[in-house]
Amino acid sequence: MTMRDLLLEVAGTYDQKAGTGKGVPGQQVLRGVAGRSDLGPLGNLVVAGYGGNGSAASAPWIGLFDPEINTDPKKGLYLAFIFSTDLSSVTLTVQQGVTDLSDKIKERQAILAQLERRSARLHGSLPPTLGQQWGQRPVLGRGKRPEAYEAASVAARRYEVDAMPVEEQLQEDLRVATSLLQRAAAADAAWRKAADDDDHVSAVLPEQRRRKPSTASSSSPSTTSRSISAPEPVALGFKPRDSSGYIANIAAQQQVKSQKHEELIREFGAYIETRSYMPRNVHIHPKDLILKQGDVLSPGDPEWLVEVKVVRKGDVTAAVREAVGQLREYGYFLYREKQLAAPHLIALFSEDIGAYGPYLEDQGIAAIWQTGDGWAGTPTAAAWGMVD
């Protein structure tokens, strides 16, 4: 059986009026999904079928979960093939879990509104070309749960049962959907981190260090500097935060957070000044760091947006995914949506990211990482004169 065969079998056997008993054909097909190994090259995706609990679901569905992101259909993000209530179509969607939110919020319109806000935000974090190819909201039919699925959809592609595409197309769409899921999950993690950082408070230094401007292609450090009073309207602020640990109030709970992240910002800020770039991390939340060149600042000056990531327990993949998601999110919401010039993008890491360097370059993102004796980076970072 292929994925195409499975979808057609569900559409042909499922009966909302037949209940969820063991002998109900459509329910048997869905219960057997978890044990199948013939649904194509799904990688590490975990598959399960859902036809309701107690009463039959009006919109049955097949979930595909990435264990590194989420395995709980009640919350979080996952992929799903969701059938319309008349079983005439099925939609492949990057989906938010709805049950957990429904348990917390009882008013139906409030649930739908919150799901729609989240889905619109996550959809905006996707690459523009793919975002256009994959619509945000499917049409599944009337009913409390189908309408919640519609509101919770981040990206969707609909297939008519009578014109089901060939297996190869379904598998290609699944590969793209998996990539979209990973991007949406990275953006979601970025927003959660930004919310955690809301309690960070920093002050503008009374004096700011300024460097002589240099060309972006300069490869030698500048050693000449001077201190002057910061211009009142456009003062760049860079203030290393305490690296001994700090208390952040999160959801009415105090949590001691590591300051490796702030140490990395402090050390890179001191270094990049020697390359004639001015760092700023004051009053720019949720951005980690921005860089500019020159003594005179104006709205048209080029800006470098830096997302800082500490690689934890050697998990370079997670750090890269989060960096990409946050840079794309900030580029959209903090620049494009505000009709500001797009910034140059930099992902800064605490250690070498190996094969992910070319990947980030392909995504239009320069990478810089800390080494045992300094800093290294990708060709774009070198072209900007930030590394040798």
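Use the structure listed above.
Asks: Got a minute to help me understand the sheet that holds strand S11 (residues 289-293) in this structure?
Replies: Note on sheets: strands pair through backbone hydrogen bonds, and any given pair is parallel or antiparallel. With respect to topology, 6 strands assemble into an open sheet ordered S10-S11-S12-S13-S14-S15, the strand pairing being mixed. Edge positions in the sheet fall to strand S10 (277-280) and strand S15 (374-377), since each has one partner strand and no second. Looking at each pair of strands side by side, their axes are set apart by 30 degrees on average, direction ignored. Direction of pairing for strand S12 (residues 304-309) relative to strand S13 (residues 344-349): parallel, over a ladder of 6 bridges. Looking at S13, one finds that valine 308 is bridged to leucine 348. Along the sheet, helix H8 (residues 260-273) makes contact with S10, S11, S12, S13, strand S14 (365-371) and S15, crossing S10 at roughly 155 degrees.

Asks: Quick question: what am I supposed to make of the pattern of salt bridges here?
Replies: Where charged atoms of side chains with opposite charge meet at close range, the side chains can pair. Taken as a whole, this structure holds 16 salt bridges when the rule is applied. Across the pair aspartate 173 and arginine 157 runs a salt bridge whose closest N-O atoms are separated by 3.2 Å. One end of the pair, aspartate 173, is in helix H7 (residues 167-196); the other, arginine 157, is in strand S5 (residues 153-160), and 16 residues separate them in sequence. Notably, a salt bridge pairs arginine 175 with glutamate 172, separated by 2.8 Å at the nearest N-O pair. Within this pair, arginine 175 and its partner glutamate 172 are both found in helix H7, separated by 3 residues, close to a single helical turn. On the basis of relative accessibility, which here comes to 46%, the residue arginine 175 falls in the partly exposed class. Look at glutamate 172 and you get partly exposed, because its relative accessible area is 35%. Residues joined in a network through salt bridges with shared partners are Arg108, Arg142 and Glu147.

Asks: What should I look at first to understand the pairing of S11 in this one?
Replies: Two faces make up the sheet, and in a regular strand the side chains alternate between them. Taking burial as the measure, the 5 residues of S11 include 5 buried ones, the bulk of the element. Going residue by residue along S11, you find Leu289, Leu291 and Gln293 tucked away on one face and Ile290 and Lys292 tucked away on the opposite face as well. Both S10 and S11 contribute to a ladder of 4 bridges, which runs antiparallel. Paired with proline 279 across the strands is leucine 291, a residue of S11.

Asks: What is the right way to look at the packing of aromatic side chains in this model?
Replies: In this description, an aromatic ring pair is defined by two values, namely the gap between the centres and the angle between the planes. Under the defined criterion, the tally for this structure stands at 11 aromatic pairs. Measuring from centroid to centroid gives 5.6 Å for tyrosine 271 and tryptophan 375, while their planes differ by 25 degrees, and the two rings are stacked. Residue tyrosine 271 is found in helix H8, and its partner tryptophan 375 is found in strand S15; the two are separated by 104 residues along the sequence. Accessibility classification places tyrosine 271 together with tryptophan 375 in one group, the buried group. When the ring of tyrosine 277 is compared with that of tryptophan 304, the centres are 5.1 Å apart and the planes differ by 85 degrees; the resulting orientation is edge-to-face.

Asks: Can you walk me through the side chain of arginine 275 in this structure?
Replies: Take arginine 275: it is sitting in the loop between H8 and S10. One polar contact links arginine 275 to tyrosine 271, side chain to side chain, over a distance of 3.3 Å. Side-chain polar atoms of arginine 275 contact the backbone oxygen of glycine 385, separated by 3.2 Å.

Asks: Whenever I open this one, the sheet that holds strand S3 (residues 77-83) confuses me. Can you help?
Replies: Read from one edge to the other, the open sheet built from 5 strands follows the order S1-S2-S3-S4-S5, with strand pairing classed as antiparallel. Each end of this open sheet is capped by a strand with a single partner; those strands are strand S1 (46-50) and S5. Across this sheet, the average inter-strand angle for adjacent strands is 20 degrees, counted without regard to direction. As paired strands, S3 and strand S4 (residues 89-96) are joined by 7 bridges and run antiparallel to one another. The partner of alanine 80 across the bridge, within S4, is threonine 93.

Asks: Would you explain the nonpolar core in this entry?
Replies: For soluble globular proteins, nonpolar side chains are generally found buried alongside one another. Among the nonpolar cores identified, the biggest contains 44 residues, and Met3, Leu7, Ile62, Leu64 and Phe81 are the most heavily contacted of them. Of all elements in the fold, only helix H1 (3-13), helix H2 (25-31), strand S2 (61-65), S3, S4, S5 and H7 reach the threshold of two or more residues within this core. For this core, the element with the highest residue contribution is H7, accounting for 10 residues. Excluding anything up to four places from it in sequence, leucine 7 contacts Ile62, Phe81, Phe83, Val90, Met164 and Leu170.

Asks: Would you take a moment to explain the packing of helix H4 (residues 108-124) against helix H6 (residues 144-152) for this structure?
Replies: What describes two packed helices is the angle between their axes and the distance between those same axes. Contact geometry of H4 with H6 gives a least axis separation of 7 Å together with a crossing angle of 25 degrees. Taken together, the axes of H4 and H6 are roughly parallel relative to one another. Together, Arg108, Leu112, Leu115, Glu116 and Ser119 of H4 and Lys144, Glu147, Ala148, Ala151 and Ala152 of H6 make up the contact between the two elements. Residue composition of the contact of H4 with H6, grouped by class: 5 nonpolar, 1 polar and 4 charged.

Conventions we followed
- Residues numbered from 1 in each chain as written.
- Predicted model: local features only at pLDDT ≥ 70, side-chain atom pairs only at ≥ 80, totals over all residues.
- Heavy atoms only, no water.
- Pairing = 2+ DSSP bridges.
- Helix = DSSP H or I, 4+ residues; strand = E, 2+ residues; numbered from the N terminus.
- Axes fitted to C-alpha atoms, helices over the stretch in contact; angles between N-to-C directions.
- Contact = heavy atoms within 4.5 Å.
- Salt bridge = Lys/Arg side-chain N within 4 Å of Asp/Glu carboxyl O.
- Buried < 20%, exposed > 50% of the residue type's maximum accessible area, 1.4 Å probe, protein only.
- Phe/Tyr/Trp six-rings, centres within 6.5 Å; stacked < 30°, edge-to-face > 60°.
- Polar contact = N/O pair within 3.5 Å; in protein donor to acceptor, adjacent residues only side chain to side chain.
- Core = buried A, V, L, I, M, F, W, Y, C linked by side-chain atoms within 4.5 Å.
- Parallel < 35°, antiparallel > 145°, perpendicular 65-115°, else oblique.
- Nonpolar A, V, L, I, M, F, W, Y, C, P; charged D, E, K, R; others polar.

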